[in-house]
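Chains, contacts and geometry: an overview
These are the residues of each chain, in order.
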There are 2 protein chains.
Amino acid sequence: MRLSQMLFVTLREDPAEAEIPSHKLLLRAGYIRRIGSGVYAYLPLMWRVLQKVSQIVREEMNATGAQEVLLPAMQPSELWKESGRWDTYTQAEGIMFTLTDRQNREVALGPTHEEVITAIARDMIRSYRQLPLHLYQIQTKFRDEIRPRFGLMRGREFIMKDGYSFHTSEESLKQTYADMDRAYRNMFTRTGLKFRPVEADSGAIGGSGSQEFMVLADAGEDEILYTEDGKYSANTEKAVSLPPDAVPSTFTKFEKLDTPNTPTIETLAQFLKCSPTQIVKNVLYQAVYDNGVTVLVLASIRGDQDVNEVKLTNELVKLGDRFGGKTLLALTVPDAEAQAKWAAKPLPLGYISPGLEDSYIGKQEKLHPKFLRLVDKTAVDLQNFVTGSNESGYHVVGANWGKQYPLPGDVVDIRKARPGDRAMHDPSQILQTARGIEVGHIFQLGTKYSKAMGATYTSETGEELPLVMGCYGVGVSRLAQAAVEQNHDKDGIIWPVAIAPYHAIVVIPNITDAAQVEAAEKLYADLNAAGVETLLDDRDERAGVKFKDSELVGIPFRVVTGRSLQQGKVEVVQRATKQSQEIALDQIVSTLKQWIQEAIAP
Amino acid sequence: MRLSQMLFVTLREDPAEAEIPSHKLLLRAGYIRRIGSGVYAYLPLMWRVLQKVSQIVREEMNATGAQEVLLPAMQPSELWKESGRWDTYTQAEGIMFTLTDRQNREVALGPTHEEVITAIARDMIRSYRQLPLHLYQIQTKFRDEIRPRFGLMRGREFIMKDGYSFHTSEESLKQTYADMDRAYRNMFTRTGLKFRPVEADSGAIGGSGSQEFMVLADAGEDEILYTEDGKYSANTEKAVSLPPDAVPSTFTKFEKLDTPNTPTIETLAQFLKCSPTQIVKNVLYQAVYDNGVTVLVLASIRGDQDVNEVKLTNELVKLGDRFGGKTLLALTVPDAEAQAKWAAKPLPLGYISPGLEDSYIGKQEKLHPKFLRLVDKTAVDLQNFVTGSNESGYHVVGANWGKQYPLPGDVVDIRKARPGDRAMHDPSQILQTARGIEVGHIFQLGTKYSKAMGATYTSETGEELPLVMGCYGVGVSRLAQAAVEQNHDKDGIIWPVAIAPYHAIVVIPNITDAAQVEAAEKLYADLNAAGVETLLDDRDERAGVKFKDSELVGIPFRVVTGRSLQQGKVEVVQRATKQSQEIALDQIVSTLKQWIQEAIAP
């Protein structure tokens, strides 16, 4: 393509709408334009990058025997009601766009396709002889994000590869799950990105096990915890660890102390000159289930630790049965208005006791009969601990479970693992931290959807059994931007060769110089004919502008038909290293072909 | 791909949901499944067909220098309000899906992308030096059809190629429009379909000229009128012609006659023993503009002719200024309820006079001040004609414009052309009729969108001028089904080779016969290695079932490793002709390659 004929518009200034480098660079280099909140147009260069990423994904999926399909974005609400996720996706998370058609039917715009694919499987799969089966698509998805941001990183319309596998058994599922783990490592390796597979929480998708693939980048939204021995890495949402040892308590006697102005662990520990590990912190949450029941949750945890709300959510989903709820619609920290509804008197925030319900909530039992106490494992073994007194400005010290406070039956892991914690698999390994961008996620779903939607098959022995399912996603458009976030410098983008929109750009420094033009035209034609995807900068612009643009846009190899033409040579500059060398005209095609080959299949 | 490992499910019976052959066959052969009203899943075989069609479209578009992009499906309502089409698309035609996001902003799901692309052009095009420019995409579109039907023919979610070109002048636009005409002829020729380009109405897209491309098929929704000399063809909505000559009137004296029970032209002509061409028929419509004004339209036309409501709509859009309306929201035949609002007394339906307003509408002028009379060209030259009297059961005869009735100023062509009419370009040519499926439509938009949305460029002389635009669509998923509608027989689909999901299928009649299996496996491997896209029917099924399935699915070439193996031969059956021949094993690959080559590039 000739730049003179292309939609090629670069900006000198960073656009105000962008915060992180990759978003700024994609806008400045003319890859994308914002059309609405979280909604972007993919312009010609971006379209090529997306096609390259898609093709790598497609090839690795096809190599596993998965078959490509295309499912509709518009999904009848009935399917989501069958699976039980309509409320979660329209209310609890509220991230699904819905609309009403001219027949007044509710229609969802698919953020994911478990329901649709399960409906197809229910219709088309009859026998174990059709299994295993793996269908995937590369498709535009929709999510009504609370905070769309960072360009393609968290958009409201984006491109995903999503695949769904069907099995007769957990073993068969695990086999495909392992195949996908390998296929994903292959595809991310082939894109040329540094990435890390991590243990992950399954969230609203559900199922028994899942793994994410993170592209490593400082601006990543996710925190990863990992060990140097390579044996453990997890999303911080999911990570487990051994917490630091607690310092034994020095308070041997139970008593209530005047502790003015100590609503935080930090101020309290300073005032009492004790370790935060001696304190039991009590955090109040409010959970709303789909049956309308509100549950007050008092979570007790060791003072130096924090509640991981993803883990807490998972516990509350598991406990839903106890309250008659199927779906957890919301988990919030109750604000003043919420407290006023059920607290007998203003809550002593910062001074809450493990026995809060007795004096504050119990009185109002008729209004709010549901109260749940959870104790994190870190708080269970503490003795003679410090904790709130239910009276502002006062704490108790020397307290013990089973004496002053009954130990709740629900002892759980709701603790946020942290960098510096010891690893579970080997306490000599210390958790390290890195930031990542989630570009892949694979799930063992089991029978969650097939049971809910009645998708069964007939087994070899004639039994009708629910299909065992897995699902596997790749964020195609997100990956494209993640590549930029991981690979750029002050001058612009540095595309990995495998997903660069073009391999090379031939720059004519001076288009009034006939020799330069002639040499460039020949190189442009020869390179393209040889399969080197090449741009020609034939614009009537100064050489400096052309060099700056080629660096901003990030094409891996720049060929300049400049002064050395007289010696039968051209300058070739590698974008990543900025190394420049003179290469004979008749060597250019073979040299670039070799470099590209080496970069794409290392 | 092995059928034993594929999602391959065929149905013996026609599904009740389908009416036309192509829809039945795509369902029966496992290409598509219905997910909701007008919404389909494209299964693995269909996905391959869609990719082949898309690739042909892409290659022909790229060959013209057009650049591929991908625009968002979600479009802010603001853009549609800027262009003035929000009301048309959400109310008048009402075919646009809209939703409200979590910020309570209205968002449209794009049925077309003029607004989005014009916003991008406004942002990125500054100078004449960037022009001409042509951007296109292959994308999922959404339309809330009143009657979704016929599978992919009229779906609510479908795949389109839509391209938009930008120019400095009408001449440049016409140049690209001509390039597109050629590109479209190339692409439809390459798909292997019989098609016809026709003059077309531009509808809600607007602009000055447009042409449709019709795939010829009996079940086509569109009627085409054409002449045998190949010089004229048009969609019936747009077609013009010379009507048959009128028979001179025998009524020389103006008088009112008692004509009981003659509310139709047929009964009246029979009663008066006159030709329908002597009658002026007066048809009442009601037009509603976006400024709230309702206009009563009385359209007079020669009795043997019918009003073409598309032409009438276009006239009313043009006349909108006269009534202060920008957008025509609705054109309807007023029902009793509507009539009751403004008619002074019950209307004498079937007996309406060209002077209707005097006695029936004029009295109510305050309520309904807008009244418009239009006369079709066919009615203007009539003398001593028969027409309604404004009194039920009575007509007048021997009437003349300018005597009994003033001739309205608005003489227009609102007549429906018909098969049998004489062609305008050569009255010796008689219009013929054919049915077609619209698969392409190209438009000269002019400055409609650029003016409305302020998309300008700076000309060579420094002037800021509106961009001149064209737009060009191909119905990708519709074309795939149209191919089936045009190419099938009682046994199933007959794919043109260029868009068949696979070129060949190797059938093992008996999978317990080791020699058959061995030969088939080798052919399957060799054919795929040679670029012949080949399926292997290795299922444990009877040979008859396999043959029937291969015919239903419509793979162009079937290779059967049957009895002739003993002579070192296999049977090859061509799907289209059902011709069978024995070919030596070592000739199969070269023979099929040659046949495919001949079929794809004839």
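Residues numbered from 1 in each chain as written. Chains lettered and ligands numbered in written order. Predicted model: local features only at pLDDT ≥ 70, side-chain atom pairs only at ≥ 80, totals over all residues. Heavy atoms only, no water.

A few words on the overall build of chain A. Scanning chain A from terminus to terminus reveals 16 helices and 31 strands. Dimensions along the principal axes, computed over C-alpha positions, put chain A at roughly 95 × 65 × 50 Å. Counting every position in chain A, which comprises 602 residues, the buried fraction comes to 58%. Within chain A, counting contacts between residues at least 6 apart in sequence, those at least 24 apart form 70% of the total. Taken as a whole, chain A presents about 24300 Å² of accessible surface, with 48% of it coming from carbon and sulfur. When the 68 basic and 78 acidic side-chain charges of chain A are each reduced to a single mean position, those positions are 1 Å apart. (Helix = DSSP H or I, 4+ residues; strand = E, 2+ residues; numbered from the N terminus. Buried < 20%, exposed > 50% of the residue type's maximum accessible area, 1.4 Å probe, protein only. Contact = heavy atoms within 4.5 Å. Areas by Shrake-Rupley, 256 points an atom, 1.4 Å probe, with all protein chains shown as cover. Lys, Arg positive; Asp, Glu negative; His and termini not counted. Charge placed at Lys NZ, Arg CZ, Asp CG, Glu CD.)

Hydrogen bonds along the backbone pair up the strands of a sheet, which may run parallel or antiparallel. All names here are of chain A. On the basis of which strands lie adjacent, the open sheet formed by five strands has the order β28-β27-β29-β30-β31 and mixed pairing. Each edge of the open sheet is held by one strand with a lone partner, namely β28 (534–537) and β31 (580–584). Taking the axes of each pair of neighbouring strands and ignoring which way they run, one obtains an average angle of 25° across the sheet. (Pairing = 2+ DSSP bridges. Axes fitted to C-alpha atoms, helices over the stretch in contact; angles between N-to-C directions.)

After a rotation of 179° and a shift along the axis of 0.1 Å, chain B superposes on chain A with an RMSD of 0.3 Å. This pairing of chains is accounted for by a two-fold axis. Considering only C-alpha atoms, the residue of chain B closest to the rotation axis is Leu99 of chain B, which sits at 2.5 Å. Here 100% of the contact residues of chain B are again contact residues in chain A; the copies associate through an equivalent surface. (Least-squares fit on C-alpha atoms with pLDDT ≥ 70 in both.)

This part takes up the interface of chain B and chain A. At the interface, 57 residues of chain B touch 57 residues of chain A. Across the interface of chain B and chain A, roughly 4800 Å² is buried in total on both sides, 63% from carbon and sulfur atoms. Ranking the residues of chain B by area buried against chain A places Met74, Arg102 and Met124 of chain B at the top, with a combined share of 15%. Counting the contacts that link chain B with chain A gives six salt bridges. The residue Arg102 of chain A makes a salt bridge to Asp144 of chain B at a minimum N-O spacing of 3.9 Å. Looking at the side of chain B that touches chain A, its residues break down into 33 nonpolar, 10 polar and 14 charged. (Buried area = accessible area lost by both parts, 1.4 Å probe. Salt bridge = Lys/Arg side-chain N within 4 Å of Asp/Glu carboxyl O. Nonpolar A, V, L, I, M, F, W, Y, C, P; charged D, E, K, R; others polar.)

One pass over the structure, following the stated rule, counts 82 salt bridges over all chains. Glu521 of chain B is the partner of Arg2 of chain B in a salt bridge, and the nearest nitrogen-oxygen pair spans 2.8 Å. Pair noted here: Arg2 of chain B is in the segment before α1 (21–28) and Glu521 of chain B is in helix α14 (residues 514–529), with a separation of 519 residues, a long-range link. For Arg2 of chain B, a relative accessible area of 24% corresponds to the partly exposed category. Residue classification places Glu521 of chain B among the partly exposed positions, given a relative accessible area of 28%. It is possible to trace a salt-bridge network through shared partners that takes in Asp101, Arg102 and Arg105 of chain A together with Asp144 and Arg156 of chain B.

Residues and elements named next belong to chain A. An order of β16-β14-β15-β17-β20 is seen for the five strands of this open sheet, with the pairing classed as mixed. Each edge of the open sheet carries a strand with a single partner, namely β16 (328–332) and β20 (410–412). In this sheet, neighbouring strand axes are inclined to one another by 30° on average, regardless of whether the strands run parallel or antiparallel. As paired strands, strand β17 (residues 371–376) and β20 are joined by three bridges and run parallel to one another.

A common measure of how large an interface is: the accessible area buried when the components associate. If you check the domain split of chain A, you get domain 1 (3–240 + 433–485), domain 2 (255–412) and domain 3 (502–600). Relative placement of domain 2 of chain A and domain 3 of chain A: their C-alpha centres are 66 Å apart. (Domains from an automatic or database assignment.)

Now for the environment of Met46 of chain B. Residues and elements named next belong to chain B. Of note, Met46 is situated in helix α2 (residues 44–63). Assessed through its relative accessible area of 0%, Met46 is described here as buried. The sequence separation of Met46 and Leu193 amounts to 147 residues, and the corresponding C-alpha distance is 17 Å. Contact partners of Met46, with chain neighbours within four places excluded, come to Leu26, Tyr31, Ile32, Leu152 and Ala480.

Here we come to the packing of aromatic side chains. Going through the model one piece at a time under the given rule, you end up with 18 aromatic pairs over all chains. Between Phe385 of chain A and Trp401 of chain A, the aromatic rings sit 5.1 Å apart at their centres with planes inclined by 50°, giving tilted as the arrangement. Of this pair, Phe385 of chain A sits in strand β18 (residues 385–391) while Trp401 of chain A sits in the loop between β19 (394–399) and β20; the two residues are 16 residues apart in sequence, bridging distant segments of the chain. Comparing Phe385 of chain A with Trp401 of chain A, the two get one shared label, buried. Put simply, the rings of Tyr184, Phe188, Phe195 and Phe213 of chain A touch in pairs and so form one group of aromatic residues. The lysine or arginine in question, Arg48 of chain B, covers the ring of Tyr502 of chain B, its NZ or CZ lying 3.8 Å from the ring centre. When the ring centre of Tyr394 of chain B is taken as reference, the NZ or CZ atom of Lys256 of chain B above it lies at 5.3 Å. (Phe/Tyr/Trp six-rings, centres within 6.5 Å; stacked < 30°, edge-to-face > 60°. Lys NZ or Arg CZ within 6 Å of the ring centre and 35° of its normal.)

The subject of this paragraph is the side chain of Gln278 of chain B. Residue and element names in this part refer to chain B. On the secondary structure map, Gln278 appears in the loop between α7 (265–272) and β14 (280–289). Within polar-contact distance, the side chain of Gln278 engages the backbone oxygen of Pro248 at 3.1 Å. Among all residues touching Gln278, those that are not within four sequence positions of it are Val247, Pro248, Ser249, Thr250, Phe251, Leu382, Phe385 and Val386. (Polar contact = N/O pair within 3.5 Å; in protein donor to acceptor, adjacent residues only side chain to side chain.)

All names here are of chain A. The buried fraction of helix α1 (residues 21–28) is high, at six of eight residues. Of all the residues in α1, the buried ones are Ser22, His23, Leu25, Leu26, Leu27 and Arg28. Immediately beyond the C-terminal end of α1, within one or two residues, lies Gly30, with a positive phi of roughly 80°.

Looking now at the nonpolar core. Phe166 of chain A together with Phe166 of chain B are the most contacted members of the largest nonpolar core, which has 86 residues in total. When neighbours within four sequence positions are excluded, Phe166 of chain B is seen to be in contact with Ile117, Ala121, Ile125, Leu131, Pro132, Leu133, Leu467, Val468 and Met469 of chain B. (Core = buried A, V, L, I, M, F, W, Y, C linked by side-chain atoms within 4.5 Å.)

A few words now on the packing of helix α2 (residues 44–63) of chain A against helix α13 (residues 476–486) of chain A. Residue and element names in this part refer to chain A. Running from N to C, α2 and α13 cross one another at 110°; their axes reach a closest spacing of 9 Å. Taken together, α2 and α13 sit at an angle that is classed as roughly perpendicular. In this structure, the crossing between α2 and α13 has a hand that is right-handed. On α13, the residues that touch Met46, Val49, Leu50, Val53 and Ser54 of α2 are Val476, Ser477, Leu479 and Ala480. (Parallel < 35°, antiparallel > 145°, perpendicular 65-115°, else oblique. Left-handed = near helix turned anticlockwise from the far one by under 90°.)

Moving on to helix α13 (residues 476–486) of chain B. With 11 of its 11 residues buried, α13 of chain B lies for the most part within the structure. Turning to α13 of chain B, its buried residues number three or more, namely Val476, Ser477, Arg478, Leu479, Ala480, Gln481, Ala482, Ala483, Val484, Glu485 and Gln486 of chain B.

Before going further, it helps to spend a moment on the environment of Glu82 of chain A. Residue and element names in this part refer to chain A. Within the secondary structure layout, Glu82 lies in helix α3 (residues 77–83). As for Glu82 and Tyr449, which are separated by 367 residues in sequence, their C-alpha atoms are 8.9 Å apart. Residues in contact with Glu82, not counting those within four places in the same chain, are Arg122, Ala452 and Met453. Of note is the side chain of Glu82, whose polar atom sits 2.6 Å from the side chain of Arg122.

All names here are of chain A. Turning to its location among the elements, Val57 is positioned in helix α2. For the pair Val57 and Ile414, spaced 357 residues apart in the sequence, the C-alpha separation amounts to 36 Å. Among all residues touching Val57, those that are not within four sequence positions of it are Lys161, Met187 and Val474.

Looking along a regular strand, one sees the side chains alternate between the two faces of the sheet. Residues and elements named next belong to chain A. Buried residues dominate strand β1 (residues 32–36), accounting for four of its five residues. Pairing analysis gives four bridges linking β1 to strand β2 (residues 39–42), with the strands arranged antiparallel. The residue of β2 that forms the bridge with Gly36 is Val39. Between β1 and β2, which pair antiparallel in sequence order, lie two residues; one of them, Gly38, sits at a positive phi of approximately 70°.

Turning our attention to the confidence of the model for chain A. On average, residues of chain A carry a pLDDT of 93, and 97% of them reach 70 or more. The ipTM, which scores confidence in the relative placement of chains, is 0.90 for this predicted complex, and the corresponding pTM is 0.91. (pLDDT = per-residue confidence, 0-100.)

Moving on to the packing of α1 of chain B against α13 of chain B. Residues and elements named next belong to chain B. Here α1 crosses α13 at 105°, and the two axes come no closer than 8 Å. Classed by the angle they form, the pair α1 and α13 counts as roughly perpendicular. Residues Pro21, Ser22, His23, Leu25 and Leu26 of α1 form the contact with α13, whose participating residues are Gln481, Val484 and Glu485. Residue composition of the contact of α1 with α13, grouped by class: four nonpolar, three polar and one charged.

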